[in-house]
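Report on the structure
Take a look at the letters that make up each chain.
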Amino acid sequence: MPKLSNALTQLLGTRLPIIQAPMAGGITTPALVAAAGNAGALGSFGFAYTQPEAMARDIEAVRALTKAPVNANFFVNAQPAPIDAATQRDAINAVAPYYAALGLPTPQPVKAPHAPDLDAQLNLIEDLKPEVLTFHLGDLPAVRLQRLREQGIKTGGSATCVEEARHLEALGVDFIIAQGAEAGGHRGSYLRSAYETMTGTLALTRLIVRAVNIPVVAAGGIMDGAGIAAVLALGAQGAQLGTAFIPCSESGAPAVHKQHLLAAREDTTMVTEKFSGKPARGLANRYMREMNGAMDGKGAPQLAFPAQNTLTGPLRAASAKAGNPDFMSMWAGQAAPLAREMPTAELVARLEAETLEAIARLSSLKG
């Protein structure tokens, strides 16, 4: 049987050039990460909001389930400046009706810190030594990347434009994740506005492949082997899939998230800042439509990232617990209708078979 090994699999130590995308909020459980790794892909933890102690527990748990390489992913973003009372009040007033709709008390002003201390997270990672570390929403200092290299940890950063890709290559990362506009979850833009970097995955992948000399992983709207084959044809060394893994039995996504993803029949996603304070793509719901369109289309008041995430946290949790999709963030990419429900190992095996089939089909065109 033909193999899909290449420079990326050699770099990461995986059998397949497939990365199970890191997703925060408990979606990427140890069981999911281990199952992806055991099947030949790179399993990934989304540690954006995870405290160091919980990170250690998750990595220890996955080490008990697999010897495959593991990726730890982090958000790189400065804490917001102190938020004045008027800004807090306006943002609270905007979300208060949704709290009331779920029978929750009126939210109170949020207090920092709104996310774990990144240095503390990364210091622990140097002790835990996952095989791979990736980062999103920004970059890491060159000195930190050098320390990670000295620990034998491979590094990758997300880029939403050629400028970011070249910047990451200059910093010394081992590979780049080209995040197309179709991708679910948070836009990784940081050198330019997220709304100026909405290039589609196919175009972005080709542009970045031509601009850098390190492996490129395509991400965004890839749900099956045909999509993987397409980005490999464009010069990518691998593909990162997130939405495809959400319905898997090992995924920690709320049941209502899985149900609405599997029920999607066309692209019903939209980008909103109103859950976290940064643009992110998910399945459209009442909260997103009303908050995006409030104030004559200018959008409702919000706090800076990640303070807005703190403000909406209880609302999202209560909505998920109630099985109510109206007020929760159901991150998903534009190819959501291609989602399939199956165990992780079966999905990875099917992705591999579909990719090889697509490559063979294209080879047959030579006559």
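Computed from a predicted model, the values in this text were never measured in an experiment.

Helix and strand counts for the protein come out as 13 helices and 11 strands. Relative to the compact-globule value of 21 Å for 367 residues, the protein shows a C-alpha radius of gyration of 20 Å, a close match. Seen through its principal axes, the protein has C-alpha atoms that stretch 65 × 45 × 40 Å. Each of the 367 residues in the protein was classed as buried or not, and the buried ones make up 55%. The long-range share in the protein, meaning contacts at least 24 apart out of those at least 6 apart in sequence, stands at 67%. Accessible surface, the protein: about 15000 Å² in total, of which carbon and sulfur atoms supply 53%. Within the protein, one finds 31 positive and 31 negative side-chain charges whose respective centroids are separated by 2 Å.

Here helix α12 (residues 307-321) contains 15 residues, and its C-alpha end-to-end distance of 22 Å stays within 8% of the 21 Å for a straight helix at 1.5 Å per residue. Maximum bend of α12: about 45°, positioned at G313, with proline P314 one to four residues after it. Regarding α12, the residues found buried are A307, Q308, N309, L311, T312, L315, R316, A318 and S319. Tucked into the core, α12 has its buried residues touching α4 (85-101) and α11 (286-293). Of the residues flanking the end of α12, it is G323, one or two places downstream, whose phi is positive at about 70°.

It is worth spelling out the sheet that holds strand β3 (residues 70-75) at this point. Strand-to-strand pairing in sheets goes through backbone hydrogen bonds, with the strands running parallel or antiparallel. Read across the sheet, eight strands follow the order β1-β9-β8-β6-β5-β4-β3-β2 without closing on themselves; strand pairing throughout is parallel. The open sheet has two edge strands with one neighbour each: β1 (18-20) and β2 (43-46). Within the sheet, the average angular offset between the axes of one strand and its neighbour, ignoring direction, is 25°.

A separate point is helix α9 (residues 225-233). For α9, every residue scored as buried is listed here: G225, G227, I228, A229 and V231. As for α9, its buried residues are in contact with β1, α8 (201-211), β8 (216-219), β9 (238-241) and α13 (344-363). Its side-chain oxygen 3.3 Å from the backbone nitrogen of A226, D224 forms the N-cap of α9. G235, located one to two residues past α9, shows a positive phi value of around 110°.

What follows covers the pairing of β9. Regular strands show a simple pattern: their side chains alternate between the two faces of the sheet. Residues G238 and Q240 of β9 are buried on one face, and the alternating residues A239 and L241, pointing to the opposite face, are buried as well. Pairing of β8 with β9 involves three bridges; the strand directions are parallel. Note on β9: the bridge partner recorded for A219 is Q240. Following the chain from β8 across α9 to the adjacent parallel β9, one finds a crossover that is right-handed.

A separate point is the packing of helix α7 (residues 162-171) against α8. Across the interface, α7 lies against α8 with an axial gap of 9 Å and an inter-helix angle of 40°. Regarding α7 and α8, the two cross each other, and that crossing is right-handed. Along the contact surface, α7 presents V162, A165, R166 and E169, while α8 presents L207, I208 and A211. Here the residues of the contact of α7 with α8 are counted per class, giving five nonpolar, no polar and two charged.

So, about the side chain of H136. With respect to the helices and strands, H136 occurs in strand β4 (residues 132-136). For H136, a relative accessible area of 11% translates into the label buried. Within the structure, the side chain of H136 is placed 2.8 Å from the backbone oxygen of H186, a separation counted as a polar contact. Those residues in contact with H136 that sit more than four places away from it in its chain are N73, F74, F75, V76, S158, Q179, H186, R187 and G188.

Ranked by internal contacts, the top residues of the largest apolar core, which has 36 residues, are I18, I222, I228, L241, F245, L261 and L347. Mapped onto this core, the elements with two or more residues apiece are α9, β9, α10 (255-262) and α13. Ranked by residue count, the leading element in this core is α13, at four residues. Contact partners of L241, with chain neighbours within four places excluded, come to I18, I19, Q20, A21, I222, M223, D224, I228 and L351.

Thresholds applied
Residues numbered from 1 in each chain as written. Predicted model: local features only at pLDDT ≥ 70, side-chain atom pairs only at ≥ 80, totals over all residues. Heavy atoms only, no water. Helix = DSSP H or I, 4+ residues; strand = E, 2+ residues; numbered from the N terminus. Rg over C-alpha atoms; globule rule 2.2 N^0.38 Å. Buried < 20%, exposed > 50% of the residue type's maximum accessible area, 1.4 Å probe, protein only. Contact = heavy atoms within 4.5 Å. Areas by Shrake-Rupley, 256 points an atom, 1.4 Å probe, with all protein chains shown as cover. Lys, Arg positive; Asp, Glu negative; His and termini not counted. Charge placed at Lys NZ, Arg CZ, Asp CG, Glu CD. Expected span 1.5 Å × (residues − 1). Bend = angle between axes of the 7 residues up to and from the residue. Pairing = 2+ DSSP bridges. Axes fitted to C-alpha atoms, helices over the stretch in contact; angles between N-to-C directions. Polar contact = N/O pair within 3.5 Å; in protein donor to acceptor, adjacent residues only side chain to side chain. Right-handed = clockwise from strand over helix to strand, strands pointing away. Left-handed = near helix turned anticlockwise from the far one by under 90°. Nonpolar A, V, L, I, M, F, W, Y, C, P; charged D, E, K, R; others polar. Core = buried A, V, L, I, M, F, W, Y, C linked by side-chain atoms within 4.5 Å.

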